[in-house]
Amino acid sequence: MTRSTTSVTARIVNGFVTRRDTGEPELLEAGRDGMSDADLRRISRGGGGQMQATGGNPAGVVLDADGLSDAQMLEIAQKVGLSETAFVSRSRTEGFKLDFFTPARRIAHCGHATIATFSYLAELGRVEEGDTSKETVDGPRKIIIRDGAAYMEQLAPRYETAADWADRGVQLQDVLAALGLDEDSLDPRFAPVLANTGNSFVLVAVKDASVLAAIRPRQPQIEAISEALDLIGFYVFTTDPAATAADAATRMFAPRYGIAEESATGMAAGPLACALYDHLGVRKPKLMIEQGHFMVPASPSEITVELELEAGRITGLMAGGSGAVMKEMEISLQDRA
């Protein structure tokens, strides 16, 4: 038996980056004095400034992956070593086919890897502004490209209260214990719920920034609960104005998928935005979710969620943001002949 080596290129692309204009102060002040954002960016580029991308959540992105097997994609994801890697192939029915792998397994969807992938495709000119779509193992999802940022479709929310978990052996106190919290730490307006707009998360609202920052998750307990409830993980948040100028600041723990803490989770921001609208009185169609600020080290991320509403009821949503390419890797695979 002989072996040959195949080389595969993976780009590391941060999804849901925070963008800040580093242009000259005079130009930035002019922008605040009535110029549009588009004009400001155009003038600022001419004056030596630029939009700087920071933070976000890194994902591997492998283009032209049509010939790769599941075993090879898993091997590449392991060698990339990030929480998720997206593999882009041709699709007969949608704009592109995307396969997502963690270092441990295939998953159906990944928010930040989707945003990273489509932002990169837009940068390369392989996808135009407007509507496109992704084919996944869980069916098609709409994608919108707008000013180089990518927005992904999620479904109408489904909720389960703690009473619904009892037959699966999970109590509310188990969730709190896994986070090292007691009931006094919670936002009294919102009891923890399981929410799903494509993937399931337990949403836990804490009362302020200090509680959110002080959480020391007990990963084995979170993993056991995630297995019992078929979760991606726990999404803990606060609406405390001292924590964020956005609609919520969050932390996400997903040890079931090998993720101790993640800096941006688009598939969790969607359900959270729905819960803010349905249960916490944030009655507006566009919400901003911050994540990654309370990590050590911090990796600030911004996730925009636009709700689709009919007579005040959420029928779907688009969650999105910007991406930025950080580096390139060459991955060697051993082929058997």
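Rules behind the numbers
Residues numbered from 1 in each chain as written. Predicted model: local features only at pLDDT ≥ 70, side-chain atom pairs only at ≥ 80, totals over all residues. Heavy atoms only, no water. Helix = DSSP H or I, 4+ residues; strand = E, 2+ residues; numbered from the N terminus. Expected span 1.5 Å × (residues − 1). Buried < 20%, exposed > 50% of the residue type's maximum accessible area, 1.4 Å probe, protein only. Core = buried A, V, L, I, M, F, W, Y, C linked by side-chain atoms within 4.5 Å. Contact = heavy atoms within 4.5 Å. Salt bridge = Lys/Arg side-chain N within 4 Å of Asp/Glu carboxyl O. Pairing = 2+ DSSP bridges. Phe/Tyr/Trp six-rings, centres within 6.5 Å; stacked < 30°, edge-to-face > 60°. Lys NZ or Arg CZ within 6 Å of the ring centre and 35° of its normal. Right-handed = clockwise from strand over helix to strand, strands pointing away.

## A closer look at helix H4 (residues 111-124)
Now for step 1: End to end, H4 covers 20 Å across 14 residues, agreeing with the expected 20 Å (1.5 Å per residue, within 8%).
Now for step 2: Burial analysis of H4 places 12 of its 14 residues in the buried class, the great majority of the element.
Now for step 3: Gly111, His112, Ala113, Thr114, Ile115, Ala116, Thr117, Phe118, Ser119, Tyr120, Leu121 and Ala122 are the residues of H4 that are buried.
Now for step 4: In the stretch just after H4, Gly125 is the one whose phi turns positive, near 80°.

## Examining the nonpolar core
Now for step 1: Within the largest apolar cluster, 58 residues are counted, with the highest numbers of intra-cluster contacts made by Leu203, Tyr235, Phe237, Leu276, Ile289, Val305 and Leu307.
Now for step 2: Here this core takes nine residues from helix H9 (residues 266-279), the largest share from any one element.
Now for step 3: When sequence neighbours within four positions are dropped, the list of residues in contact with Val305 reads Ala269, Gly270, Ala273, Pro285, Lys286, Leu287, Ile289, Leu317, Met318 and Ala319.
Now for step 4: Formed by 26 residues, the second largest nonpolar core is a distinct cluster that contains Val175, Val202, Ile222 and Phe234.

## Points about the pattern of salt bridges
Now for step 1: All chains considered together, the criterion is met by 16 salt bridges.
Now for step 2: When the shortest N-O distance is used, the salt bridge between Asp167 and Arg168 registers 3.6 Å.
Now for step 3: When its relative accessible area of 33% is taken as the criterion, Arg168 is described as partly exposed.
Now for step 4: Sharing partners across several salt bridges, the network here consists of Asp70, Asp99 and Arg106.

## Points about the pairing of strand S14 (residues 248-254)
Now for step 1: Of all seven residues making up S14, seven are buried, and the element is well covered by its neighbours.
Now for step 2: What you see with S14 is no split at all: Ala248, Thr250, Met252 and Ala254 on one side and Ala249, Arg251 and Phe253 on the other are buried throughout.
Now for step 3: The pairing of strand S13 (residues 233-238) with S14 spans five bridges and is antiparallel. Across the sheet, the residue bridging to Thr238 is Ala249, located in S14.
Now for step 4: Sheet topology places S14 next to strand S16 (residues 286-291); three bridges connect them, and they run parallel. Each bridged residue has a counterpart across the sheet, and for Ala249 the counterpart in S16 is Glu290.
Now for step 5: Across two bridges, S14 lies against strand S15 (residues 259-262) in antiparallel orientation. Directly across from Ala254, in S15, lies its bridge partner Ile259.

## Regarding the packing of aromatic side chains
Now for step 1: Applying the stated criterion to the full structure yields four aromatic pairs.
Now for step 2: Geometrically, the ring pair formed by Phe96 and Phe118 is edge-to-face, given 5.8 Å between the ring centres and 80° between the ring planes. One end of the pair, Phe96, is in strand S5 (residues 96-101); the other, Phe118, is in helix H4, with 22 residues separating them in the sequence. For the pair Phe96 and Phe118, a shared accessibility class is recorded, and that class is buried.
Now for step 3: Here Phe201 and Tyr235 contribute two aromatic rings whose centre-to-centre distance is 6.4 Å and whose plane-to-plane angle is 55°, an arrangement assigned as tilted. You can see Phe201 sitting in strand S12 (residues 200-205) and its partner Tyr235 sitting in strand S13, a full 34 residues away along the chain. Assigned by exposure class, Phe201 and Tyr235 land together as buried.
Now for step 4: For Arg105, the ring lying beneath its charged end belongs to Tyr257, and the centroid distance is 4.9 Å.
Now for step 5: In this structure, Arg146 packs its charged tip against the face of Tyr151, placed 4.6 Å from the ring centre.

## Structural notes on unusual backbone geometry
Now for step 1: With an omega of -5°, the peptide bond running from Val296 to Pro297 counts as cis.
Now for step 2: Tracing the sequence through the fold places Pro297 in the loop between S16 and strand S17 (301-310).
Now for step 3: The phi dihedral of Asp147 is positive, around 55°, even though this residue is not glycine.
Now for step 4: Within the fold, Asp147 resides in the loop between strand S8 (139-146) and strand S9 (149-155).
Now for step 5: Taking the relative accessible area as the measure of exposure, Asp147 reaches 65% and is therefore exposed.

## Comments concerning the pairing of strand S3 (residues 57-62)
Now for step 1: Taken across its six residues, S3 has five buried, putting it largely inside the fold.
Now for step 2: Pairing between S3 and strand S4 (residues 85-89): three bridges, direction parallel. Looking at the pairing, Gly60 lines up with Thr85 of S4.
Now for step 3: With helix H3 (residues 70-80) bridging S3 and its parallel neighbour S4, the resulting β-α-β unit is right-handed.

## Quick word on H9
Now for step 1: Over its 14 residues, H9 runs 20 Å from end to end, which matches the ideal 20 Å to within 8%, given 1.5 Å per residue.
Now for step 2: Counting buried residues in H9 gives 12 out of 14 residues, a clear majority hidden from the surface.
Now for step 3: When H9 is considered as a whole, its buried residues turn out to be Gly266, Met267, Ala268, Ala269, Gly270, Pro271, Leu272, Ala273, Cys274, Ala275, Leu276 and Tyr277.

## Some thoughts on the side chain of Thr117
Now for step 1: Examined against the element boundaries, Thr117 turns out to sit in helix H4.
Now for step 2: Under the relative-accessibility criterion, Thr117 is labelled buried at 0%.
Now for step 3: Ignoring any residue separated from it by four or fewer positions in sequence, one finds Thr117 in contact with Val61, Ala86, Val88 and Leu98.

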